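Each chain is listed here by its residues.
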Amino acid sequence: MSDRESINGSAERRLGVFKTYKLYVGGKFPRSESGRVYEVTDSKGQWLANAPKSSRKDARDAVVAARKAFGGWSGATAYNRGQVLYRVAEMLEGRKEQFVREVAASEGLSKSKAAAVVDAAIDRWVWYAGWTDKIGQIAGGANPVAGPFFNLSTPEPTGVVAVLAPQKSSLLGLVSVIAPVIATGNTAVVIASADAPLPALSLGEVLATSDVPGGVVNILTGVTAEIAAPLAAHQDVNAIDLTGADAELAKELEIAAADNLKRVRRPQPVDADGSSDSEDWLASPGTHRLTAFLETKTVWHPTGALGAAGSSY
């Protein structure tokens, strides 16, 4: 038997290497603490992969990682954060074909429609990268006061934000809820779509190979309600975005979030099937998600006097 025949024979007998999807927490890729996985299927019910099924401890670990990363990320200049978000777009562009395949399989789209969705997701990163050093002029400013004072209002990040990603839009919707949170200096714990988690887990690989510091974005997969409950009640989570929750779950989480006065972004009106994923993710995103998780700090400072005549500045 020739070497060529031997190689061809080995290729025919070769077992396929299936991808092992893992969580993305603290810049690393751990398996779920529970060791559980669940089957992910395409729109036709065909098996795609096993995804990790996150536990309550995974959620708590993600909050610890997000809090640890918050100081450095919020303290970075807005310009630097913009550069980092643009780098994510660059890395995503380089892996476009992979994401087209995953989005097509996850959402039941044709290859051309999936490519349009991936292009829009890349453009969305660029959009928010451009806003990082401009939102301060929109959300802050100098206030007129009747007295010898400077009165300045400036936006500051809220802190650790739990994000329930859209259930139907596995990549574009996901990017649309993550990017504005971190663009403004917050850190995020994200619960990916339960039925279509693979693009989210692959996005974690993109974030890990870009300049996003570990812990700024943490991605969990599994049963949304099971993971969201401990995050909504967590005392070290400062805000929660309920985009991916249905009406019943959103109500329960909002009640839990009130315990430490979390800032809550409610989901859009639900569809007839009970899903809250009714937003048009291809539409211009605007700035409302950027301002949703910002706090306003107002500082008063005396102008002072500059001379005997009482002139001031």
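Since we're looking at a predicted model, the values are computed, not measured. (Residues numbered from 1 in each chain as written. Predicted model: local features only at pLDDT ≥ 70, side-chain atom pairs only at ≥ 80, totals over all residues. Heavy atoms only, no water.)

The next subject is unusual backbone geometry. Non-glycine residue Leu 261 carries a positive phi angle of around 55°. Looking at the secondary structure, you find Leu 261 in the loop between α10 (247–257) and β9 (263–265). Overall, Leu 261 belongs to the exposed group, its relative accessible area being 75%. (Helix = DSSP H or I, 4+ residues; strand = E, 2+ residues; numbered from the N terminus. Buried < 20%, exposed > 50% of the residue type's maximum accessible area, 1.4 Å probe, protein only.)

With that settled, the discussion passes to the packing of helix α9 (residues 224–233) against α10. At a minimum axis separation of 8 Å, α9 and α10 run at an interaxial angle of 20°. In terms of their interaxial angle, α9 and α10 are classed as roughly parallel. Taken as a pair, α9 and α10 cross one another with a handedness that is right-handed. In contact with Thr 224, Ala 225, Ala 228, Ala 229, Ala 232 and Ala 233 of α9, α10 contributes Leu 249, Leu 253, Ala 256 and Ala 257. Partitioning the contact of α9 with α10 into residue classes produces nine nonpolar, one polar and no charged. (Axes fitted to C-alpha atoms, helices over the stretch in contact; angles between N-to-C directions. Parallel < 35°, antiparallel > 145°, perpendicular 65-115°, else oblique. Left-handed = near helix turned anticlockwise from the far one by under 90°. Contact = heavy atoms within 4.5 Å. Nonpolar A, V, L, I, M, F, W, Y, C, P; charged D, E, K, R; others polar.)

What follows is about the nonpolar core. Grouped together as the largest cluster of nonpolar side chains are 61 residues, with contacts concentrated most on Trp 125 and Leu 207. The greatest single-element share of this core, amounting to ten residues, is contributed by helix α5 (residues 111–131). What Leu 207 contacts, discounting residues up to four positions off in sequence, is Tyr 24, Val 88, Trp 125, Val 212, Val 217 and Ile 219. Counting residues in hydrophobic clusters, the runner-up holds 25 residues, among them Leu 23, Ala 62, Val 160 and Ile 240. (Core = buried A, V, L, I, M, F, W, Y, C linked by side-chain atoms within 4.5 Å.)

Moving on to the side chain of Ser 106. Tracing the backbone through its elements, the reader meets Ser 106 in helix α4 (residues 96–107). The class for Ser 106 is buried, based on a relative accessible area of 15%. Engagement of the side chain of Ser 106 in a polar contact is seen with the backbone oxygen of Glu 102, the distance being 2.8 Å. (Polar contact = N/O pair within 3.5 Å; in protein donor to acceptor, adjacent residues only side chain to side chain.)

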